[in-house]
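Per-entry structural report
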Amino acid sequence: MLKARVIPCLDVKDGRVVKGVNFVDLRDAGDPVDCAMVYDKAGADELCFLDITASHEDRGILFDVVKRTAEACFMPLTVGGGVRSVDDIRKLLLAGADKVSIMTAAVANRDFVREAAEKFGSQCIVVAIDAKQVSPGKWEIFTHGGRKETGIDAVAYAKEVAALGAGELLLTSMDRDGTKTGFDISLVRAVADRVKIPLIASGGVGSLDHLVEGIRDGHATAVLAASIFHFGEFTIREAKEYMARAGLPMRMD
Amino acid sequence: MRIVIVDYGSGNLHSAHKALERAARQLDRAEIFVTSEPEVIRSADRVVLPGVGAFADCKLGLSSVSGLTSALEDVVIRAGRPFLGICVGMQLLASVGLEHKTTLGLGWIDGAVLPITPNDPSLRIPHMGWNTLKVHREHDLLRGIPLGDHGRHAYFVHSFHFKPDAAEAILAGTEYGGEIAAIVAQDNIAGSQFHPEKSQQLGLAFLENFLRWRP
């Protein structure tokens with residue numbers, strides 16, 4: 001039986017983990033590769049790197065981070081942030097990323113999703129959607145960390161990119177991101193119930209119940225979280241055991 | 001032992017390389033080559049064919065390297081060296097693939113590559129994530145790996161699946177609204193639909209078994 005996935009996400013800037021990770025047994029809490037190895041051992045189902053390096057010129061460091069991670073961790077790795085071209089995707093895949101997530105470039109040019117999926121296969125193209133509620137039951141896409149509105153309806157956009165060949169959606173509620181008050185379940189569900197591709201829920205996780213809700217009530221196939229894992233509040237194993245006790249199918253290898 | 005990973009422009013060989021390197025640690029004098037050169041492929045003791053993307057693109061990639069397919073046939077079919085196809089590399093074993101258009105495969109294991117059509121409409125495509133395996137028959141490739149509903153998991157990501165004509169070709173299946181072939185094997189030829197290089201303990205154990213396999 002296919003299992004629900006728990007995905008820790010690391011924000012990486014200039015090759016270093018932003019905000020740091022608070023673990024025991026970690027040589028260098030700022031090294032994404034060390035953090036990745038810890039999550040690999042802890043039983044994370046996938047790992048996500050979000051690159052927030054400001055300058056496009058400095059992205060060489062990211063490729064090196066991805067390469068070193070793929071050498072040490074035999075688990076799926078998604079990399080996103082600043083992916084603008086087919087060439088960016090190719091470089092990340094060759095460095096060892098399994099999936100590449102695209103956001104702003106897809107909003108600006110929907111055809112980029114189709115082109116990427118045709119070139120590399122849907123299985124490695126994740127479309128990231130940052131959405132904010134604009135009225136009851138209605139969400140719109142925002143870019144640039146939630147600062148820039150686009151006026152695009154999130155549900156319609158999700159359906160559109162799925163039809164263009166996206167293999168997965170990474171859906172973040174910008175209303176909930178960083179609040180630790182839980183996913184925006186109505187958003188997750190509104191999108192999950194209208195697309196046939198896998199969906200990762202993100203934004204707002206502050207407790208283990210929130211992870212359960214994302215799968216059970218939001219109908220997501222995976223849940224992504226950052227701070228509850230990075231700061232050692234919960235281990236991946238604790239999260240997965242809790243979700244299994246709540247009746248969700250989890251991988252406990 | 002000369003282990004050759006066939007490079008024909010299909011995506012991420014880096015992970016497969018590193019995982020095989022890790023799996024080969026237990027073996028004496030294992031050397032790994034990533035190459036598209038027919039002569040190096042002919043000299044292989046083990047051949048690994050990775051593959052990501054669409055069936056037709058991968059087949060085109062194979063055919064466009066001059067002499068590659070005939071080198072593979074020499075070393076795998078004629079010399080009988082153990083072969084492992086991964087994901088689309090496994091699907092290429094089929095006689096034919098029906099992704100986007102009809103494309104002939106290598107035809108080493110009779111069967112077709114078809115879209116996944118789960119009998120449960122709530123199941124999403126691609127089949128993406130960790131799934132358990134159901135053993136059809138005992139095999140050296142599965143040795144020592146706890147499988148079944150409570151066993152270890154393998155990482156899948158695919159929208160099409162290989163349906164061999166002969167059910168005996170399937171060593172292990174996985175459940176996703178119907179059964180999907182997870183591992184196929186016939187004589188010295190094997191393939192996994194999942195990604196062993198991304199499947200942590202199960203994946204490394206499976207690769208190690210492949211390196212020790214004496215078909």
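The structure this text deals with has already been given above.
Let us look at the structure shown here. The residue numbering used here restarts from 1 in each chain and proceeds along that chain's sequence as written. All chains are assigned letters beginning at A, and all ligands numbers beginning at 1, according to the order in which they are written. pLDDT decides what is reported in this predicted model: residues at 70 or higher carry local features, side-chain atom pairs at 80 or more are listed and counted, and totals for whole chains, interfaces and linings draw on all residues regardless. To obtain the side-chain values, all non-hydrogen atoms of the structure were used and water was disregarded.

Here's the deal with the overall build of chain A
Applicable threshold: Every helix listed is a DSSP run of H or I at least four residues long, and every strand listed is a run of E at least two residues long, numbered separately from the N terminus. Each radius of gyration is computed over the set of C-alpha atoms, and the globule rule expresses the reference value as 2.2 Å times the number of residues to the power 0.38. Buried, partly exposed and exposed residues are distinguished by accessible area as a fraction of the type maximum, computed with a 1.4 Å probe on protein chains only: under 20%, between the cut-offs, and over 50%, respectively. In what follows, residue pairs with any heavy atoms lying within 4.5 Å of each other are defined as contacts.
Looking only at helices and strands, chain A features ten helices and eleven strands. The C-alpha radius of gyration of chain A comes to 17 Å, within 12% of the 18 Å expected for a compact globule of 253 residues. The C-alpha extent of chain A, read off along each of the three principal axes, is 45 × 45 × 35 Å. Classification of the 253 residues of chain A by burial places 57% in the buried group. Considering only contacts within chain A whose residues lie at least 6 apart along the sequence, 64% involve residues at least 24 apart.

Concerning the sheet that holds strand 5 (residues 96-97) of chain B
All names here are of chain B. Stated formally: In this analysis, strands are considered paired if DSSP registers two or more bridges between them.
As summarised here, the arrangement of the four strands in space is 6-5-7-11, forming an open sheet in which the pairing is mixed. The open sheet has two edge strands with one neighbour each: strand 6 (103-104) and strand 11 (160-164). Here strand 7 (residues 111-115) pairs with strand 11 via five bridges, running antiparallel. By the bridge assignment, valine 113 is partnered in strand 11 with phenylalanine 162.

Observations regarding the packing of helix 2 (residues 60-72) of chain A against helix 1 (residues 13-23) of chain B
Inclusion rule: For helices, the fitted axis covers only the stretch in contact; all axes are lines through C-alpha atoms, and the angles between them, taken along N-to-C directions, range from 0 to 180 degrees. By convention the crossing between two helices is left-handed if the near helix lies anticlockwise of the far one by an angle smaller than a right angle, and right-handed if it lies clockwise. Any residue outside Ala, Val, Leu, Ile, Met, Phe, Trp, Tyr, Cys, Pro, Asp, Glu, Lys and Arg is labelled polar, Gly included; the first ten of those are nonpolar and the last four are charged.
For the pair helix 2 of chain A and helix 1 of chain B, interaxial distance at closest approach is 8 Å and the crossing angle is 35°. Every pair of crossing elements has a handedness; the one defined by helix 2 of chain A and helix 1 of chain B is right-handed. Here A:Lys67, A:Ala70, A:Glu71 and A:Ala72 of helix 2 of chain A come into contact with helix 1 of chain B, specifically with B:His14, B:Ser15, B:Lys18 and B:Arg22. For the contact of helix 2 of chain A with helix 1 of chain B, a count of residues per class yields two nonpolar, two polar and four charged.

Concerning the sheet that holds strand 2 (residues 31-35) of chain B
Residue and element names in this part refer to chain B. In spatial order, the strands read 2-1-3-4-14-13-12-9; together these eight strands make up an open sheet with mixed pairing. With one partner strand each, in any of the chains shown, strand 2 and strand 9 (134-135) form the two edges of the open sheet. In terms of strand pairing, strand 4 (residues 83-86) meets strand 14 (residues 189-192) through four bridges, oriented parallel. The residue bridging glycine 85 from the neighbouring strand is glycine 191, located in strand 14. Against the sheet, helix 1 touches strand 1 (2-6), strand 2 and strand 3 (46-49), its axis set at about 165° to strand 1. Sitting on the sheet, helix 6 (residues 200-212) touches strand 1, strand 3, strand 4, strand 13 (179-186) and strand 14, and the angle it makes with strand 3 is about 140°.

Quick notes on the interface of chain A and chain B
This is how the line gets drawn: In this description, buried area is defined as the sum, over both parts, of the accessible area (probe of 1.4 Å) that is lost when the two are combined. Salt bridge, as used here: a side-chain nitrogen of Lys or Arg that lies within 4 Å of a carboxyl oxygen of Asp or Glu. Polar contacts, as used here, are pairs of N or O atoms within 3.5 Å; protein pairs need one atom able to donate a hydrogen and one able to accept it. Residues neighboring in sequence count only if both atoms are side-chain atoms.
Across the boundary between the two partners, chain A contributes 40 residues, which contact 35 residues of chain B. Sorting the residues of chain A by area buried against chain B places A:Leu2, A:Phe74 and A:Asp253 first, and these three jointly supply 27% of that buried surface. Between chain A and chain B we count one salt bridge in total. Across the pair A:Asp98 and B:Lys198 runs a salt bridge, and its minimum N-O distance is 2.9 Å. Between the two partners, chain A and chain B, sit 22 residue pairs in polar contact (both at pLDDT 80 or more). Of all the secondary structure elements, the ones that give two or more residues to the side of chain A that touches chain B are helix 2, helix 3 (86-95) and helix 5 (111-120) of chain A. It is helix 2 of chain A that contributes the most residues to the side of chain A that touches chain B, four residues altogether. Within the side of chain A that touches chain B, the residues separate by chemical class into 19 nonpolar, six polar and 15 charged.

What to know about unusual backbone geometry
All names here are of chain B. That bond from isoleucine 125 to proline 126 is cis: its omega, 5°, falls within 30 degrees of zero. Here proline 126 lies in the loop between strand 7 and strand 8 (127-132). The residue histidine 100 is not glycine, and still its phi comes out positive at about 65°. Checked against the element boundaries, histidine 100 lands in the loop between strand 5 and strand 6. Residue class for histidine 100 comes out exposed when judged on its relative accessible area of 71%.

Digging into helix 7 (residues 185-192) of chain A
Listed in full, the buried residues belonging to helix 7 of chain A are A:Leu187, A:Val188, A:Ala190, A:Val191 and A:Ala192. Its buried side turned inward, helix 7 of chain A meets strand 6 (125-135), strand 7 (138-143), helix 6 (154-164), strand 9 (168-173), strand 10 (199-202) and helix 8 (208-216) of chain A.

Observations concerning the pattern of salt bridges
Summed over the entire model, instances satisfying the criterion amount to 25 salt bridges over all chains. In the salt-bridge network here, residues are joined through shared partners; they are A:Arg5, A:Glu46, A:Lys99 and A:Glu168.

A look at the nonpolar core
For the record, the criterion: Working definition of a nonpolar core: buried Ala, Val, Leu, Ile, Met, Phe, Trp, Tyr and Cys residues. They are joined through side-chain atoms within 4.5 Å.
Ranked by size, the top nonpolar core spans 76 residues in total, and within it A:Phe49, A:Ile89, A:Ile102, A:Leu169 and A:Leu211 carry the most contacts. Residue contacts for A:Phe49: discarding those within four places in its chain leaves A:Leu10, A:Val12, A:Pro32, A:Ala36, A:Val65, A:Val66, A:Thr69, A:Leu77, A:Thr78, A:Val79 and A:Gly80. By size, the runner-up hydrophobic cluster in this structure holds 66 residues, among which are B:Leu72, B:Val76, B:Leu84 and B:Ala185.

Some words on the packing of aromatic side chains
The geometry of an aromatic ring pair is captured by two quantities: the separation of the ring centres and the angle between the planes. For the record, the criterion: Think of it this way: a Phe, Tyr or Trp ring, Trp meaning its six-membered ring, pairs with another when their centres are within 6.5 Å, and the plane angle makes it stacked under 30 degrees, edge-to-face over 60, tilted otherwise. Over a ring means this: the NZ of a Lys or the CZ of an Arg is within 6 Å of the ring centre and within 35 degrees of the ring normal.
Scanning all chains against the criterion turns up five aromatic pairs over all chains. Aromatic pair B:Phe210 and B:Trp213: ring centres 6.2 Å apart, planes at 50°, arrangement tilted. A relative accessible area of 3% means that B:Trp213 is categorised as buried. Aromatic rings pair up to connect B:Phe156, B:Phe194 and B:Phe206 into one cluster. Across from the ring centre of A:Phe142, 4.6 Å away, lies the NZ or CZ of A:Lys132, which sits over that ring. Residue placement shows A:Arg251 over the ring face of B:Trp130; its charged tip is 3.7 Å from the ring centre.

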